[in-house]
Amino acid sequence: MFELGNHARHSWNSDSNFLRLPPTLPAIKPREMALFTFSKKLPFSRIYPRFFFTLMLRPLSSHSRQTLSETFPRTPLHKPRFSILRHLSTQTLYDPFELIRCRDDTYDPLKLGLPELLEQLEGLSSEAEVMAVLDGSGAEPNQDLVYWAIWGLREDWKLAYWVFNWGEKWGCNSENTRGLVIWVLGKCNKFGVAWSLIREFHRSSLDTRRAMLIMIDRYTAANDPCKAIKTFHIMEKFRISPDQEAFYTLLSAMCKHGNVEDAEELMFQNKKLFPLEIEGFNIILNGWSNIAPDVFEAKRIWREMSKCCIAPNATTYTLMISCFSRFGNLFDSLRLYDEMKKRGCVPGLEVYNSLIYVLTRENCLTEALKILEKIKEMGLQLDSASYNCMIRPLCEAKKLEEARTILVAMIAENLSPTTETYHSFLEGDSYEETFEVLKHMKKAGFGPNGDTFLLVLGNLFKLDQPENALKIWAEMKQFEVVPGSAHYKVLIEGLTKFGWLVKARELYAEMRLNGFLEDPKLKKLLKDSVEGSNDGRERGMRLGKTNVRSHHRNSSVMKWKRLGN
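Residues numbered from 1 in each chain as written. Predicted model: local features only at pLDDT ≥ 70, side-chain atom pairs only at ≥ 80, totals over all residues. Heavy atoms only, no water.

Undergrad: What is the right way to look at the overall build of the protein chain in this model?
TA: Within the protein chain, the secondary structure is distributed over 30 helices and 0 strands. Within the protein chain, the proportion of its 565 residues that are buried is 51%. Accessible area of the protein chain: about 26,400 Å², with a carbon and sulfur share of 52%. (Helix = DSSP H or I, 4+ residues; strand = E, 2+ residues; numbered from the N terminus. Buried < 20%, exposed > 50% of the residue type's maximum accessible area, 1.4 Å probe, protein only. Areas by Shrake-Rupley, 256 points an atom, 1.4 Å probe, with all protein chains shown as cover.)

And the structure:
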């Protein structure tokens, strides 16, 4: 069993004939009825019931593990962004979280009563109590049980750590489990405890490579790329070679968490140790294309590759086409698509999804639908992302009737809406409509999650509704979402913009109290803000918007009630 060291203890649109009606309609199943009810309640200006008949063309896909995926999700929180790419190797090849993800889909924590066991552990304050409950639970200690228990307790690092020690006691901690507990500790900013464990792993002659790569990822997630770079450099002290794969992991982690410029500089600074190759450029290009989208920077990286005599591969073309499509550059998207095929690179589903998105965004929905049919003819497996690539730009353009048509077509293809689908319909909604969609998301088993609230908070500030942003903030607990540093940052920056400096400072203090690292940008923002007119501005905003807000609230609620009948 691993004990805490002294240091660790203190750091505790669409065409009218696109959808055809079937001659006969089978009975509506319960889940199909639930989706029908949700679509009725979406905030569309007109209702077209005939579109929903296609819901019953075929059964919906099975979601036998839906409840499990909500209780024990398998992906970490990312900043909310619309992503066309799904299976691109550059995004996952050097992702440390992939190293700890459980790949045994035959194991079902629900069958072993894991949720009940975690409920018994909730609130326990000592390791002895945790050990006693686990030993007396009758649960058989095994690698899967310990792994999923730690994941279920990932928001409470102490309980997760003690469960790990219980697994160590019974000798059933796998390498994935050791990586997971390091990830949990890093996620909770308990880096001292994590380093204590890594040193114990090293003394026990256990491989610490995964743990070190995860620490690199967690430091960049905590907005501390300097310590991530330092961790890379000290790998040799743990008899680990800081090889090219580890270097690419560092670059990928820095890009994933927004430090794309620093990652690019690091890549060029180390070109003697790690020669410039297509993989490194693709990581940086992915950063400028999808993480911190900047078409000018992406084009610059493309030119840098040419200067270094490095030829683009299929991944490079996929990333660049994605970037052009994101910014509505239809001409260059199609140009690169033609060039890609001439060079012998086979376009994947991600490329076609990008073309679908940019065509829909540029009012060429008919052509986008033709590409959809082409995908089917080629034998490629359509997924929800292909339809989301039409739904998203249609919602952004307020073409909600057309978006709804695509939603029904998506379900008719036996593809269920995803969290991203719901996020599209959240764009630009009022507070009341937003809250209704959030409730439908929860009822349908698609969140809402942390990304959802980042999107909602950002939208409310765009609509000049700081007071409603605070209301949504207060409602996060109802949806069992724990605020992260990104949520605090969006809220504090938004409140400061509207002059709510007192509340912004309170939230910054709360953020620090909850163990999040100091954010120099937020600190400077609060320091440079003028507080003298704060109280007057807050009062003025409340008085100036009360009548408008009250009228809007009543009309919105009535609108939802009419649509629900």
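Next, the rest of the story.
Undergrad: What is the right way to look at the packing of aromatic side chains in this model?
TA: To describe a pair of aromatic rings, you give the distance between the ring centres and the angle between the ring planes. Applying the stated criterion across every chain, the model contains 18 aromatic pairs. Geometrically, the ring pair formed by tyrosine 337 and tyrosine 352 is edge-to-face, given 5.9 Å between the ring centres and 70° between the ring planes. Of this pair, tyrosine 337 sits in helix α18 (residues 330–342) while tyrosine 352 sits in helix α19 (residues 349–361), and the two are 15 residues apart along the sequence. Its relative accessible area of 7% is what places tyrosine 337 among the buried residues. On the accessibility criterion, tyrosine 352 (3% relative accessible area) is buried. Each member of the aromatic cluster is reached from another via a ring pair, and the members are Phe232, Phe247, Tyr248 and Phe274. Directly above the ring of tryptophan 151 sits arginine 154, whose terminal nitrogen or CZ lies 4.4 Å from the centroid. (Phe/Tyr/Trp six-rings, centres within 6.5 Å; stacked < 30°, edge-to-face > 60°. Lys NZ or Arg CZ within 6 Å of the ring centre and 35° of its normal.)

Undergrad: Help me out: how do you make sense of the packing of helix α9 (residues 175–187) against helix α10 (residues 191–203) in this one?
TA: Packed helix pairs are specified by the crossing angle of their axes together with the interaxial distance, meaning the distance between the axes. Two elements in contact, α9 and α10, have axes whose closest approach is 8 Å; the angle formed by their N-to-C orientations is 160°. In terms of orientation, α9 lies roughly antiparallel with respect to α10. The two elements α9 and α10 cross, and the hand of that crossing is left-handed. On α10, the residues that touch Arg178, Val181, Ile182, Leu185 and Gly186 of α9 are Phe191, Val193, Ala194, Leu197, Ile198 and Phe201. Split by residue class, the contact of α9 with α10 holds 9 nonpolar, 1 polar and 1 charged. (Axes fitted to C-alpha atoms, helices over the stretch in contact; angles between N-to-C directions. Parallel < 35°, antiparallel > 145°, perpendicular 65-115°, else oblique. Left-handed = near helix turned anticlockwise from the far one by under 90°. Contact = heavy atoms within 4.5 Å. Nonpolar A, V, L, I, M, F, W, Y, C, P; charged D, E, K, R; others polar.)

Undergrad: For this particular structure, what's the right way to read the pattern of salt bridges?
TA: Where charged atoms from two side chains of opposite charge come close, those side chains can pair. Inspection of the entire model under this criterion finds 21 salt bridges. Two residues, aspartate 243 and arginine 209, come together in a salt bridge whose shortest N-O distance is 3.0 Å. In this pair, aspartate 243 sits in the loop between α12 (225–233) and α13 (244–256) while arginine 209 sits in helix α11 (residues 209–221), placing the two residues 34 residues apart along the sequence. By relative accessible area, arginine 209 is classed as buried at 18%. In this structure, a network of salt bridges that share partners links the residues Asp332, Arg335, Glu339 and Arg343. (Salt bridge = Lys/Arg side-chain N within 4 Å of Asp/Glu carboxyl O.)

Undergrad: Please clarify how the nonpolar core should be interpreted in this entry.
TA: Side chains that are nonpolar tend, in soluble globular proteins, to be buried together. Counting 115 residues, the largest nonpolar core has Val163, Ile182, Tyr387 and Met390 as the members making the most contacts within it. Excluding residues that lie within four positions of it along the chain, isoleucine 182 makes contacts with Ala194, Leu197, Ile198, Phe201, Ala211, Ile214 and Met215. (Core = buried A, V, L, I, M, F, W, Y, C linked by side-chain atoms within 4.5 Å.)

Undergrad: What is the right way to look at the environment of leucine 525 in this model?
TA: Relative to the elements of secondary structure, leucine 525 occurs in helix α29 (residues 520–528). If we skip the residues at most four places from it in the chain, leucine 525 touches Glu493 and Thr496.

Undergrad: Mind showing me how you'd approach helix α22 (residues 400–412) here?
TA: The periodicity of an α-helix, 3.6 residues per turn, causes residues three or four positions apart to be oriented the same way. With 13 residues, α22 ought to run about 18 Å at 1.5 Å a step, and its terminal C-alpha atoms sit 18 Å apart, in line with that. Within α22, 10 of the 13 residues are buried, leaving the element largely enclosed by the surrounding structure. Those residues of α22 not exposed but buried are Ala403, Arg404, Thr405, Ile406, Leu407, Val408, Ala409, Met410, Ile411 and Ala412. Looking one or two places after α22, you find asparagine 414, whose phi comes out positive at around 65°. (Expected span 1.5 Å × (residues − 1).)

Undergrad: What is the right way to read a negative patch on the surface from this model?
TA: On the surface, Glu116, Glu119, Glu122 and Asp156 cluster together to form a negatively charged patch. As for its placement among the helices and strands, aspartate 156 is situated in the loop between α7 (143–152) and α8 (157–169). Its relative accessible area of 33% is what places aspartate 156 among the partly exposed residues. (Patch = residues over 30% accessible without salt bridge, like charges linked within 9 Å, V, L, I, M, F, W, Y side chains within 5 Å. Lys, Arg positive; Asp, Glu negative; His and termini not counted. Charge placed at Lys NZ, Arg CZ, Asp CG, Glu CD.)

Undergrad: Explanation requested: the side chain of serine 386 in the structure shown.
TA: Relative to the assigned elements, serine 386 resides in helix α21 (residues 384–396). Excluding residues within four positions of it along the chain, serine 386 makes contact with Leu349, Asn353, Ile356 and Leu372.

Undergrad: How should I be thinking about helix α15 (residues 278–291) in this particular structure?
TA: Between its first and last C-alpha, α15 extends 19 Å over 14 residues, near the 20 Å set by a 1.5 Å rise per residue. Judged by how many residues are buried, α15 sits mostly within the fold: 13 of 14 residues are covered.

Undergrad: Can you walk me through the packing of α7 against α8 in this structure?
TA: Orientation of α7 relative to α8, taken along the N-to-C sense of each, is 170°, at an axis distance of 9 Å. Our classification of the angle between α7 and α8 gives roughly antiparallel. On the side of α7, the interface is formed by Leu145, Val146, Ala149 and Ile150, while α8 contributes Ala160, Val163, Phe164, Trp166 and Gly167.

Undergrad: I'm lost on unusual backbone geometry in this one. Help?
TA: Excluding glycine, residues mostly carry a negative phi; peptide bonds, for their part, are mostly trans. Cis geometry marks the peptide bond from glycine 447 to proline 448, where omega comes out at 5°. Its identity is not glycine, yet serine 205 carries a phi of approximately 60°, on the positive side. Within the secondary structure, serine 205 is located in the loop between α10 and α11. Using a relative accessible area of 63% as the deciding quantity, one classes serine 205 as exposed.

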